[in-house]
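A structural walkthrough
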Amino acid sequence: MSLNLLQAWQSAKARLEAAGLPGPVIDARLMVEAAADATRADIVSDPYRPLTEEQEATLADYLARRERREPVSHILGRKGFWKIMLAVTPDVLTPRPDTEVIVDYVLKGWPEQMAFSILDLGVGSGAIILSILAERPAAKGLGVDVSAEALAVARENAANLGLASRLALLRGDWTAGLGDASFDVVVSNPPYIATDVIETLEPEVKDHEPRIALDGGPDGLDHYRRLAPEILRVLKPGGMFAVEIGYDQKDAVEALFTEAGGSDVWTIKDLSLHDRVVVGTKNPLETRV
């Protein structure tokens, strides 16, 4: 006898709980929805809808992979972020809610109809820049990444969201080759985990996320040392920047950006009240008499 949607969700949740996995309720629902081609509303309004044999087999495969600590985003090939849905592969960092702090900050700084240019360094799946472009129709952006595979994911996401005409993508090494004072906004979620800490992380991260998107060097700060002066170089006078940091990196990263010429440098906390995003501006050019 086949499972219905409600039974499938309950049994999936119980299986994930038994395996000691975090977030079993939401993960179970997401996998049931994907396997049964159902929506959240379907589970509520039509809980006794039976799964086909094929759907049950798909769900069993998803659950087995999750028990092996494969991230749900990789199993399903997608992840919701801000107000958009993104394709996700093992070649990009899975977007996390903490990073939405950057999106929120930029959107508050730019009215809906205002035109501006935005640069996303280490664009990955495109989560940050595409979330912003989706809500700011007059904005245009450039995403840079060293990984050709990551750029392919960002390109697919831009096309799926109807934003490909406003996002250029470039394979490159941070700001190499970009002109001075080129952008109104620069955002980045660079690798910031200290090399020897990576092995202590959850298997979902340590074993499945791209190492290049995690490794920040011996103290986790390697990329900020390079990025701080470069971000200030490519920003237009009066332009703003926002970069994600590790929870214990606030003072060091603020100092790097201040030293590089940043103005009004401060740090925004995430929903867990951890220091998460260092922001600031580039001083407008002084007028000379």
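Refer to the preceding data block for the structure.
The notes below deal with the structure included here.

The rules behind these values
Residues numbered from 1 in each chain as written. Predicted model: local features only at pLDDT ≥ 70, side-chain atom pairs only at ≥ 80, totals over all residues. Heavy atoms only, no water. Helix = DSSP H or I, 4+ residues; strand = E, 2+ residues; numbered from the N terminus. Buried < 20%, exposed > 50% of the residue type's maximum accessible area, 1.4 Å probe, protein only. Contact = heavy atoms within 4.5 Å. Phe/Tyr/Trp six-rings, centres within 6.5 Å; stacked < 30°, edge-to-face > 60°. Lys NZ or Arg CZ within 6 Å of the ring centre and 35° of its normal.

Here the focus is the side chain of S188. With respect to the secondary-structure elements, S188 resides in strand 6 (residues 183-188). Classification of S188 as buried rests on a relative accessible area of 0%. S188 has contacts with I102, D120, L121, W174, L227, A242, V243 and E244, leaving out every residue within four places of it along the chain.

Let's shift gears to the packing of aromatic side chains. Within a pair of aromatic rings, the relevant descriptors are the distance that separates the centres and the angle that separates the planes. Overall, the coordinates contain 3 aromatic pairs when judged by the stated rule. On the numbers, 6.4 Å between centres and 80° between planes, the contact of Y105 with W266 is edge-to-face. With Y105 in helix 6 (residues 100-109) and W266 in strand 8 (residues 262-269), the pair connects residues that are 161 residues apart, well separated along the chain. Here W266 falls in the partly exposed class, since its relative accessible area comes to 43%. Ring centres 4.5 Å apart and planes at 20° place the aromatic pair F241 and F257 in the stacked group. Residue F241 is found in strand 7 (residues 235-244), and its partner F257 is found in helix 11 (residues 250-259); the two are separated by 16 residues along the sequence. With relative accessibility at 0%, the residue F241 sits in the buried group. The positively charged end of K13 is found above the aromatic ring belonging to W9, 5.9 Å away from the centroid.

Geometry only, nothing functional implied.
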